[in-house]
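# Survey of secondary and tertiary structure
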Amino acid sequence: MEKTFVGYRCSLCGKEYGPEDVQYTCPADGGNLDVVLDYEGIRKKYQVEDITTRTDASLWRYLPLLPVTDPGGEGTPLRAAGWTPLYQPPALAKTLGMRQLWVKDEGRNPTASFKDRASSVVVARARQIGAEVVVTASTGNAGAALAGMSAAVGQRAVIFAPRTAPPAKVAQLLVYGAQVILVDGNYDSAFDLTIEAANAYGWYCRNTGYNPFTAEGKKTAAFEIWENVILPLGDSTQPLNVFVSVGDGNIISGIHKGFKDLMALGWLKVMPRIFGIQSDKSAAVANAFFAGTETIVPVAATTLADSISVDLPRDGVRAVRAATQTGGAYITVPDEEIISAIADLGKVGIFAEPAGSTAYAGLKKALKEGVIGADEPTLVLNTGNGMKDIRAAMAAVKEAPIIEPTFAALEKHLAANR
Ligand SMILES: *Cc1c(COP(=O)(O)O)cnc(C)c1O
Ligand SMILES: [Zn+2]
């Protein structure tokens, strides 16, 4: 195989490194590294049709645009990550007064969140470099994804999560057979401990906003949006709006990277506008955007949307740029609107966890405040499945009534609730 992966470029100082020179962040300043591909070489070898006619119904259809070799694992969940359902719920569009609205349901990934995109590509990388153990810190989903993708191909995984992680996510980690260590602290403390452990034991570290390959996995969502929404729209000069929730900022930077790759290849003509949505109780990236700076000031995050509850976003700079460089914006929403967005999506058959419904809550606010127009083509990502956090789901709805198992009791209940 010829080399598509030619190295890294630091997102802060711009210094370039060869594929073997570094592993995680820029040694000079700790900046996040962008993976650099041989765009010229890819363009010589492939046309758009060569990609769009590939038969893998997974993110592996984009292998020619990924910095990893084929990880194998055919017939396992590793090969099933990505290629998630794309909906155009008419009732939702009507409620919002929109003409062209898509919802991409990342909760339908093998371990039920967007994180499978990153973890499958990191596991591919781990196999390529012969790593014995892969480790990650996680609020739950990244760990579940790494545990699941690792289990699929018999890779050893160690997961550090805060002890407050929702029980469904902890159950997933355990069932997938990872070594699970719950930390009596928050995500940020688990993050630092993971890096210490990885350095001490020689484990390969997947940490979000630290390992450059996570964004490479996440960029495949942009490829799917391009293939299934942007290309069919035809030669429109109208950019697509993309709404995505933001915690560490790695999903939004990954999606931005995917669109930038396609631009570099000449396969995408109009850059979509990327909108990052945060809870106002965990808004470090949005704060920087509003202040017109790339300097990220940590917050004390308290949002109930655990997957985006982050004090210090680890991919904050690139996350700010995803909005500033695409004509997008940041929007913050209160937790009550995140919860009611769960109910809105549920009513059209889409079950989201709080961090997943956050993007939809942001879309509602963006329309109300005129940040975007109702006539603009817009896509919202649901990044995680509602099964992940049943307590939050129950907060979005009224409890079901309990009645005696008699017809009389039923009639009485129905009469009282007409
Ligand atoms: C991780 C996650 C996010 C946020 O992704 P970041 O890269 O941390 O910004 C959003 N939603 C869900 C469900 C997640 O698991
Ligand atoms: Zn640097």
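The structure displayed is predicted, hence computed values, not measured ones.

It is the contact of helix α13 (residues 335-346) with helix α14 (residues 354-368), at a shortest axis distance of 8 Å, that shows an interaxial angle of 95 degrees. In terms of their interaxial angle, α13 and α14 are classed as roughly perpendicular. In this structure, α13 uses E337, I338, S340, A341, I342, D344 and L345 to contact α14, whose residues at the interface are P354, S357, T358, Y360, A361 and K364. Considered class by class, the residues forming the contact of α13 with α14 number 7 nonpolar, 3 polar and 3 charged.

Moving on to the sheet that holds strand β3 (residues 33-37). Spatially, 3 strands are ordered β2-β1-β3 in an open sheet, and the strand pairing comes out antiparallel. A strand with exactly one partner marks an edge of an open sheet, and here the two such strands are β2 (16-17) and β3. Two elements, strand β1 (residues 5-10) and β2, share 2 bridges in a ladder whose sense is antiparallel. Of the residues in β2, the one forming a bridge with R9 is E16.

This next bit is on the packing of aromatic side chains. Per the counting criterion, the structure on display carries 12 aromatic pairs. A centroid spacing of 5.7 Å and a plane angle of 80 degrees characterise the contact between F5 and F213, whose relative ring orientation is edge-to-face. Residue F5 is located in strand β1, and its partner F213 is located in helix α8 (residues 212-218); the two are separated by 208 residues in the primary sequence. Each of the two residues, F5 as well as F213, counts as buried. Taking the centre distance of 5.6 Å and the plane angle of 50 degrees together, the rings of F289 and Y330 count as tilted. Here Y330 lies in strand β12 (residues 329-333) and F289 lies in helix α11 (residues 284-290), a separation of 41 residues in the sequence. For Y330, a relative accessible area of 3% puts it in the buried group. An aromatic cluster is defined as three or more aromatic residues linked by ring pairs; in this entry it consists of Y24, Y187, F191, Y204 and Y210. Sitting above the plane of the F114 ring, R117 keeps its charged end 5.5 Å from the centroid.

Here we take up the coordination of the zinc ion (ligand 2). At the metal site, the zinc ion (ligand 2) is ligated by C10 (SG), C13 (SG), C26 (SG), D29 (OD) and D29 (OD), and these contacts range over 2.3 to 2.5 Å. Motif for the zinc ion (ligand 2), donor spacing along one chain: C-x2-C-x12-C-x2-D. Within this pair, whereas C13 is found in the loop between β1 and β2, its partner D29 is found in the loop between β2 and β3, the two being separated by 16 residues in sequence. Judged by relative accessible area, which is 34%, D29 ranks as partly exposed.

If you check α13, its first and last C-alpha atoms are 17 Å apart, about what 12 residues at 1.5 Å a residue would give, namely 16 Å. Looking at α13, one finds that the buried residues are D335, I338, I339, A341, I342, A343, D344 and L345. Considering only its buried residues, α13 is in contact with α3 (90-96), β11 (273-279), β12, α14 and α15 (390-395).

A few words now on the site of ligand 1. Among the 16 residues in the neighbourhood of ligand 1, the closest are listed as K115, G247, D248, G249 and T383. Contact between ligand 1 and N141: an oxygen atom at 2.8 Å from a side-chain N or O atom of the residue. Between an oxygen atom of ligand 1 and a main-chain N or O atom of G249, the distance comes to 2.7 Å. Out of a free accessible area of 380 Å², ligand 1 has 98% covered by protein chains.

With that out of the way, let us pick up a nonpolar patch on the surface. Where nonpolar side chains cluster on the molecular surface, the patch consists of F351, M387, I390, M394 and V397 and spans about 460 Å² of accessible area. Inspection of the secondary structure puts M394 in helix α15. Judged by relative accessible area, M394 falls into the partly exposed class, the value being 42%.

Let us now look at the UniProt feature "domain: Tryptophan synthase beta chain-like PALP" (unreviewed entry) in the chain. Taking the numbering used here, the UniProt-annotated feature "domain: Tryptophan synthase beta chain-like PALP" (unreviewed entry) corresponds to residues 80-384. Taken end to end, residues 80-384 is 45% helix and 16% strand, and its two terminal C-alpha atoms sit 16 Å from one another.

In the numbering adopted here, UniProt assigns the feature "modified residue: N6-(pyridoxal phosphate)lysine" (unreviewed entry) to K115. Structurally, K115 is set in helix α4 (residues 115-128). Note on K115: relative accessible area 15%, which makes it buried.

Here we take up unusual backbone geometry. Leave glycine aside and you will find that most residues have negative phi; peptide bonds, for their part, are mostly trans. Positive phi, normally seen in glycine, also occurs at W83, with a value near 50 degrees. Along the chain, W83 turns up in the loop between α2 (48-52) and β4 (86-87). One non-glycine residue with positive phi stands out, namely A112, at about 75 degrees. Residue A112 is classed as buried on the basis of its relative accessible area of 16%.

Extensive coverage of strand β5 (residues 101-105) is indicated by the burial of 5 of its 5 residues. Residues L101, V103 and D105 of β5 are buried on one face, and the alternating residues W102 and K104, pointing to the opposite face, are buried as well. Pairing geometry for β4 and β5, over 2 bridges, is antiparallel. Looking at the pairing, L86 lines up with K104 of β5. With 5 bridges connecting them, β5 and strand β13 (residues 378-382) associate as parallel partners.

What follows covers the environment of A221. Within the secondary structure, A221 sits in helix α9 (residues 220-233). In the structure, A221 is positioned 160 residues away from L381 in sequence and 9.4 Å away in space, judged by C-alpha atoms. Those residues within four positions of A221 in sequence are excluded, and the remaining contacts are K104, F114, R117 and I255.

Reading the values: the criteria
- Residues numbered from 1 in each chain as written.
- Chains lettered and ligands numbered in written order.
- Predicted model: local features only at pLDDT ≥ 70, side-chain atom pairs only at ≥ 80, totals over all residues.
- Heavy atoms only, no water.
- Axes fitted to C-alpha atoms, helices over the stretch in contact; angles between N-to-C directions.
- Helix = DSSP H or I, 4+ residues; strand = E, 2+ residues; numbered from the N terminus.
- Parallel < 35°, antiparallel > 145°, perpendicular 65-115°, else oblique.
- Contact = heavy atoms within 4.5 Å.
- Nonpolar A, V, L, I, M, F, W, Y, C, P; charged D, E, K, R; others polar.
- Pairing = 2+ DSSP bridges.
- Phe/Tyr/Trp six-rings, centres within 6.5 Å; stacked < 30°, edge-to-face > 60°.
- Buried < 20%, exposed > 50% of the residue type's maximum accessible area, 1.4 Å probe, protein only.
- Lys NZ or Arg CZ within 6 Å of the ring centre and 35° of its normal.
- Donors = N, O, S within 2.8 Å, 3.2 Å for Na, K, Ca; no water.
- Expected span 1.5 Å × (residues − 1).
- Near = heavy atom within 4 Å.
- Polar contact = N/O pair within 3.5 Å; in protein donor to acceptor, adjacent residues only side chain to side chain.
- Areas by Shrake-Rupley, 256 points an atom, 1.4 Å probe, with all protein chains shown as cover.
- Patch = residues over 30% accessible without salt bridge, like charges linked within 9 Å, V, L, I, M, F, W, Y side chains within 5 Å.
- Salt bridge = Lys/Arg side-chain N within 4 Å of Asp/Glu carboxyl O.
- UniProt positions renumbered as here; feature names shortened; annotations may be inferred.

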